[in-house]
Amino acid sequence: MKRQITRERKLPAFSLSAGELELLWDKLLNLFDQPDAVYRSLEIQLPNEELSFTDVKELLQYNQLPAKLNRFTLYFHHNGRSVSIRQTGMMADTSTARAVGDSESWCAGVIDTVHTFAEARKTWYSFFVTAPIGLLLFLSMYLPWLASLFLGKEAKIDKAVTAGWTVAIVVLVVLFFGRGKLLPSATIRIKDEKGFVSRHAAELSLAVALFSAALTVIGWFVSK
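In this text the structure is predicted, and so the values were computed from the model without any measurement.

What counts, and where the lines are drawn
- Residues numbered from 1 in each chain as written.
- Predicted model: local features only at pLDDT ≥ 70, side-chain atom pairs only at ≥ 80, totals over all residues.
- Heavy atoms only, no water.
- Pairing = 2+ DSSP bridges.
- Helix = DSSP H or I, 4+ residues; strand = E, 2+ residues; numbered from the N terminus.
- Contact = heavy atoms within 4.5 Å.
- Axes fitted to C-alpha atoms, helices over the stretch in contact; angles between N-to-C directions.
- Expected span 1.5 Å × (residues − 1).
- Buried < 20%, exposed > 50% of the residue type's maximum accessible area, 1.4 Å probe, protein only.
- Arc of directions from axis to C-beta.
- 1 Å grid on protein atoms, 1.4 Å probe; cavity = no way out; pocket = protein on both sides within 12 Å on 5 of 7 lines; lining within 4 Å.
- Points joined across faces, edges and corners; volume = space filled by probe spheres on them.
- Nonpolar A, V, L, I, M, F, W, Y, C, P; charged D, E, K, R; others polar.
- pLDDT = per-residue confidence, 0-100.
- Polar contact = N/O pair within 3.5 Å; in protein donor to acceptor, adjacent residues only side chain to side chain.
- Phe/Tyr/Trp six-rings, centres within 6.5 Å; stacked < 30°, edge-to-face > 60°.
- Lys NZ or Arg CZ within 6 Å of the ring centre and 35° of its normal.
- Salt bridge = Lys/Arg side-chain N within 4 Å of Asp/Glu carboxyl O.

Strand order across the open sheet formed by three strands is β2-β9-β5, with mixed pairing between neighbours. One side of each edge strand has no neighbouring strand; the edge strands of this open sheet are β2 (14-17) and β5 (68-69). In this structure, β2 lies alongside strand β9 (residues 186-189), joined through four bridges in parallel fashion. Across the sheet, the residue bridging to Ser-15 is Thr-187, located in β9. The strands touched by helix α1 (residues 18-29) are β2 and β9; relative to β2, the strand with the most contacts, the crossing angle is about 100°.

This is the structure in structure tokens:
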């Protein structure tokens, strides 16, 4: 009898330096009985090309990579057992660890190892990556209707409230469709970036969202 078990778990948004990537690589290899015999690959998805590497050193020797990698797949396989970490979701906006093998305990141990490693290197914006942006967008679309229920149809909505609500909707739409780029669920830092905007893209996008929310709340109270 052949038995195959598959276990998956979503990971918090995390960021790895080149050294931490090597550490994770070694941890995953050592999960197998014969590390030297394991098939291993690191696939990088760039806008116009895909690259495949057999180890981290080969990756670092390739000098045409961007400073940060946000779309990649780690895959290890040997003797019917495999481990993978990849970006999933409609917009590749979440990262998932997947273990396949013939042992429940082995698969559980793999998932726990990967999740613990990612949790220790979780980004500050991890909550926003897992937040239900689609649901928030849906509810925001119905805010005018809800306001009319509580305030009455004859109530006048201040222009500041309308402007703030519109901007908030735009921000949520941008985050919904561009969250994978604005707030990447996984990042490999190949080298340090010098540009302020490049280094703080996630912070700036969140600042815009918070400013929009603040404008809506302030406008709401001012209009009363």
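What follows picks up the thread again.
As a further point, take α1. Relative to the 16 Å expected for twelve residues at 1.5 Å per residue, α1 spans 17 Å between its end C-alpha atoms, a close match to the ideal helical length. Among the residues of α1, Ala-18, Leu-21, Leu-24, Trp-25, Leu-28 and Leu-29 are the ones counted as buried. Looking straight down α1, one finds that the buried residues subtend no more than 135° of arc, so they occupy a single side.

This part takes up empty space enclosed by the protein. Applying the stated criterion across every chain, the model contains one cavity of 30 Å³ or more. For the largest cavity, the calculated volume is near 30 Å³. Taken together, Lys-10, Leu-11, Thr-94, Ser-95, Val-129 and Thr-130 make up the lining of the largest cavity. Those elements that place two or more of their residues in the lining of the largest cavity are β1 (5-11), β8 (94-101) and α4 (126-130). When the residues that make up the lining of the largest cavity are grouped by side-chain class, the tally is two nonpolar, three polar and one charged.

Positioned with a positive phi, Asn-79 is a non-glycine residue whose angle comes to about 55°. Its location among the elements puts Asn-79 in the loop between β6 (72-78) and β7 (81-88). Judged by its relative accessible area of 67%, Asn-79 falls in the exposed class.

As a further point, take the confidence of the model for the protein chain. For the protein chain, per-residue confidence averages 80 on the pLDDT scale, and 67% of positions sit at 70 or higher. No element of the protein chain has a lower mean pLDDT than helix α8 (residues 196-199), which averages 55, and none a higher one than β6, which averages 96.

Relative to the assigned elements, Ser-95 resides in strand β8. Other than its neighbours up to four places away in sequence, Ser-95 contacts Arg-9, Lys-10, Leu-11, Phe-14, Arg-86, Gln-87, Ser-185 and Ala-186. For Ser-95, the side chain forms a polar contact with the side chain of Ser-185, separated by 2.9 Å.

Now for the packing of aromatic side chains. Within this structure, the stated rule accounts for four aromatic pairs. Plain terms: the ring middles of Trp-25 and Phe-76 are 4.9 Å apart, the flat faces sit at 70° to each other, and that makes the pair edge-to-face. Placement of the pair is Trp-25 in helix α1 and Phe-76 in strand β6, with a sequence separation of 51 residues. The exposure classification of Trp-25 matches that of Phe-76, with both residues buried. Lying over the aromatic face of Phe-117, Arg-121 brings its terminal NZ or CZ to 3.8 Å of the ring centre.

Our focus in this paragraph is the sheet that holds β1. In spatial order, the strands read β1-β8-β7-β6-β3-β4; together these six strands make up an open sheet with antiparallel pairing. The open sheet has two edge strands with one neighbour each: β1 and β4 (49-53). Pairs of neighbouring strands in the sheet enclose a mean axial angle of 15°, with direction left out of account. Inspection of the sheet shows strand β3 (residues 39-46) paired to β4 by five bridges, in the antiparallel sense. The residue bridging Leu-46 from the neighbouring strand is Glu-49, located in β4.

On to the pattern of salt bridges. Within the structure shown, the criterion is met by five salt bridges. In this structure, Arg-121 engages Glu-20 in a salt bridge whose closest nitrogen and oxygen atoms are separated by 3.3 Å. Taken together, the residues span a long stretch of sequence, with Arg-121 in the loop between α3 (104-120) and α4 and Glu-20 in helix α1 at a distance of 101 residues. On the basis of relative accessibility, which here comes to 22%, the residue Glu-20 falls in the partly exposed class.

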